[in-house]
Amino acid sequence: MLLESPIAVLGLLATVGVFGYVYRDATNVEMGRPLLWATVAAAPVLVGLGLYLFASVPTTGTIMTANTGAVIYTFEREVMLEDDDPPEPGELPHQK
């Protein structure tokens, strides 16, 4: 059975973990639609797991697929938290 495979169980736990973490983080930083962002981040992990288990795909492609959601979420999070005002002269952009 598929769930007897330790990789399958670990992949499912990782998917649930990514979903929970991103949902909590998106809620804490008050991003719109935290459920959507959690799904966007967790779904590629599940697709990467499926590629690893059921297709003969190179490992690098599987890893790139699994990381896609996290990269998209962190990029959007950074853009959302960015300050719109230009930095003052002599001050770094992220220093207050």
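Right above here is the structure, for reference.
Residues numbered from 1 in each chain as written. Predicted model: local features only at pLDDT ≥ 70, side-chain atom pairs only at ≥ 80, totals over all residues. Heavy atoms only, no water.

Student: Explain the packing of helix α1 (residues 6-28) against helix α2 (residues 34-54) to me, and be specific about the residues and the numbers.
Tutor: Relative orientation of the contacting elements α1 and α2 amounts to 165°, with a least axis distance of 8 Å. If you check the angle between α1 and α2, you find them roughly antiparallel. α2 is crossed by α1, and the crossing has right-handed handedness. Together, I7, A8, G11, L12, A14, T15, V18, F19, V22, Y23, A26 and T27 of α1 and P34, L35, W37, A38, T39, A41, A42, V45, L46, L49, Y52 and L53 of α2 make up the contact between the two elements. A per-class count over the contact of α1 with α2 returns 20 nonpolar, 4 polar and no charged. (Axes fitted to C-alpha atoms, helices over the stretch in contact; angles between N-to-C directions. Helix = DSSP H or I, 4+ residues; strand = E, 2+ residues; numbered from the N terminus. Parallel < 35°, antiparallel > 145°, perpendicular 65-115°, else oblique. Left-handed = near helix turned anticlockwise from the far one by under 90°. Contact = heavy atoms within 4.5 Å. Nonpolar A, V, L, I, M, F, W, Y, C, P; charged D, E, K, R; others polar.)

Student: I'd like a description of the side chain of D25, backed by residues and values.
Tutor: Structurally, the position occupied by D25 is in helix α1. The buried category is assigned to D25, whose relative accessible area is 13%. For D25, the residues in contact, after removing those within four places along its chain, are Y73 and R77. (Buried < 20%, exposed > 50% of the residue type's maximum accessible area, 1.4 Å probe, protein only.)

Student: Tell me what's going on with a negative patch on the surface, and back it up with residues and numbers.
Tutor: Residues E78, E82, D84, D85, E88 and E91 make up a contiguous surface patch of negative charge. In this fold, E78 is placed in helix α3 (residues 59-81). (Patch = residues over 30% accessible without salt bridge, like charges linked within 9 Å, V, L, I, M, F, W, Y side chains within 5 Å. Areas by Shrake-Rupley, 256 points an atom, 1.4 Å probe, with all protein chains shown as cover. Salt bridge = Lys/Arg side-chain N within 4 Å of Asp/Glu carboxyl O. Lys, Arg positive; Asp, Glu negative; His and termini not counted. Charge placed at Lys NZ, Arg CZ, Asp CG, Glu CD.)

Student: Could you give an account of α3, with specific residues and numbers?
Tutor: Taking 1.5 Å per residue as the helical rise, α3 with its 23 residues ought to reach 33 Å, and the 33 Å between its terminal C-alpha atoms agrees with that figure. The sharpest bend along α3 measures roughly 35° and falls at N67. Along α3, the residues classified as buried are T62, A66, G69 and Y73. Buried-residue contacts for α3 involve α1 and α2. (Expected span 1.5 Å × (residues − 1). Bend = angle between axes of the 7 residues up to and from the residue.)

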